[in-house]
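Read off the chains here:
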Amino acid sequence: MNKNVNNIVNFGDKIFGTLVCNGRRLASVNGMNFTSLDAVKRALLDLAGCYAGMAVITVRNCTQGWRDVTAMATMRRPAALVQSAVSAAPRSGAQYLIPWAS
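Everything in this summary refers to the structure shown in the same document. For clarity, every value in this text was computed on a predicted model and none was experimentally measured.

### As for the nonpolar core
And then number 1: In this structure, Leu 19, Val 40, Leu 44, Tyr 51 and Val 59 are the most contacted members of the largest nonpolar core, which totals 17 residues.
And then number 2: If you list the elements that add at least two residues to this core, you get strand 1 (15-21), strand 2 (24-31), helix 1 (37-48) and strand 3 (51-61).
And then number 3: Looking at this core, the element that brings in the most residues is helix 1, giving five residues.
And then number 4: In contact with Val 59, not counting residues within four places along its chain, are Ile 15, Phe 16, Gly 17, Leu 37, Val 40, Leu 44, Trp 66, Arg 67 and Asp 68.

### Some details on the side chain of Asp 13
And then number 1: Here Asp 13 is to be found in the segment before strand 1.
And then number 2: Side chain to side chain, Asp 13 and Gln 64 meet in a polar contact 2.8 Å long.
And then number 3: Not counting residues up to four positions away in its chain, the partners in contact with Asp 13 are Ile 8, Gly 31, Met 32, Asn 61, Thr 63 and Gln 64.

Quick notes on the rules
Residues numbered from 1 in each chain as written. Predicted model: local features only at pLDDT ≥ 70, side-chain atom pairs only at ≥ 80, totals over all residues. Heavy atoms only, no water. Core = buried A, V, L, I, M, F, W, Y, C linked by side-chain atoms within 4.5 Å. Buried < 20%, exposed > 50% of the residue type's maximum accessible area, 1.4 Å probe, protein only. Helix = DSSP H or I, 4+ residues; strand = E, 2+ residues; numbered from the N terminus. Contact = heavy atoms within 4.5 Å. Polar contact = N/O pair within 3.5 Å; in protein donor to acceptor, adjacent residues only side chain to side chain.

If you want it as structure tokens, here you go:
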């Protein structure tokens, strides 16, 4: 996450933030307990959970009167699911076999 000098969040500033992916709001925050812009973005990403696609994070600081919009393309998937799918795939020769397609 980029550190933006112009958009400073002070503890006690009234903050509204949303994370929208593929036209759906996945997470939103409304509070005064954030110490930085990165903390707001991290909270939104944690609340959003697993998603894939283009996400737009909008953070509005009502106390100082600015808004920050960040676009992010990502594939956030749980690490345990990805590891088990890779290790469980049978392999024969140079091609992967798909068990449900045989």
